[in-house]
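Reading the structure
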Amino acid sequence: MFKTIRFIWHGLVYLQRIFMLFAGCIITLLVFIEVMLRYVMGSPLFGVEELIVLIAMWLYFIGASYGSYERSHIKAELINTWVKSPKKYALVRSISSGITFILSLIMVSWTYPFFIWSITKGGTSQALLLPMYYFQSAVFVGAILMSLYFFTEFVDYVLQSFGRKSYFERLN
């Protein structure tokens, strides 16, 4: 069972890394092509801006979830200057990560109706006529992934506050 969870965990992270790499390369290539066509050839490529926005939205939210996985998201912590005990510090961090997890669940609860609404309304983009849920699903998927990673962070800090080894470290 643990091997299966570990395989899924690593597979998900691997897919995120690959997506971020390819999305960054594709955006760079599309911007280069658009600049060359517009300013050198004098004729822009129709709809390339929409395509860049679509890929960029997915890149931003997959990148945000990957930052949650790495635990490299922005934090403003001063509590470590006052709390010196590792267990008490882990307890404070577990409270903080619990609040973060709850807020990420609220984000999921807000993005889900938005995602469903975009599917039922059937709107499309102006130039390429791409369904709008292609764009808006990035927010929903990113929120789900961030919630997953914030949950593992919360569990890790709770375990550490009881003096146990981090579950996250065992997955990696």
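Now for a description of the structure that goes with this document. As the structure is a prediction and not an experimental result, all values here were calculated from the model. (Residues numbered from 1 in each chain as written. Predicted model: local features only at pLDDT ≥ 70, side-chain atom pairs only at ≥ 80, totals over all residues. Heavy atoms only, no water.)

1. Here we look at the nonpolar core
Where a protein is soluble and globular, its nonpolar side chains tend to be buried together. Ala23, Ile27, Leu30, Val48, Ile52, Ile55, Ala56 and Leu59 together form the largest nonpolar core, which totals eight residues. Elements that contribute at least two residues to this core include exactly α1 (2–41) and α2 (48–70). In terms of nonpolar packing, the next biggest core, distinct from the first, is built from seven residues, Trp9, Val13, Ile62 and Tyr66 among them. (Core = buried A, V, L, I, M, F, W, Y, C linked by side-chain atoms within 4.5 Å. Buried < 20%, exposed > 50% of the residue type's maximum accessible area, 1.4 Å probe, protein only. Helix = DSSP H or I, 4+ residues; strand = E, 2+ residues; numbered from the N terminus.)

2. A few points about the pattern of salt bridges
Taken as a whole, this structure holds three salt bridges when the rule is applied. Taking the shortest distance from any N to any O, the salt bridge between Glu34 and Arg38 comes out at 2.9 Å. Here Arg38 and Glu34 lie together in helix α1, a separation of four residues that amounts to about one turn. In this structure Glu34 comes out as buried when scored by relative accessible area, which is 8%. Residue Arg38 is classed as partly exposed on the basis of its relative accessible area, which comes to 34%. One connected set of salt bridges, linked through shared partners, spans Glu34, Arg38 and Glu49. (Salt bridge = Lys/Arg side-chain N within 4 Å of Asp/Glu carboxyl O.)

3. Thoughts on the packing of aromatic side chains
Going through the model one piece at a time under the given rule, you end up with nine aromatic pairs. Residues Trp9 and Tyr69 carry aromatic rings whose centres are separated by 5.9 Å and whose planes lie at 55° to one another, so their mutual orientation is tilted. Here Tyr69 lies in helix α2 and Trp9 lies in helix α1, a separation of 60 residues in the sequence. A ring pair is formed by Tyr66 and Tyr69, whose centres lie 5.5 Å apart and whose planes are at 40°; its orientation type is tilted. Residue Tyr66 and its partner Tyr69 are located together in helix α2, separated by three residues, close to a single helical turn. (Phe/Tyr/Trp six-rings, centres within 6.5 Å; stacked < 30°, edge-to-face > 60°.)

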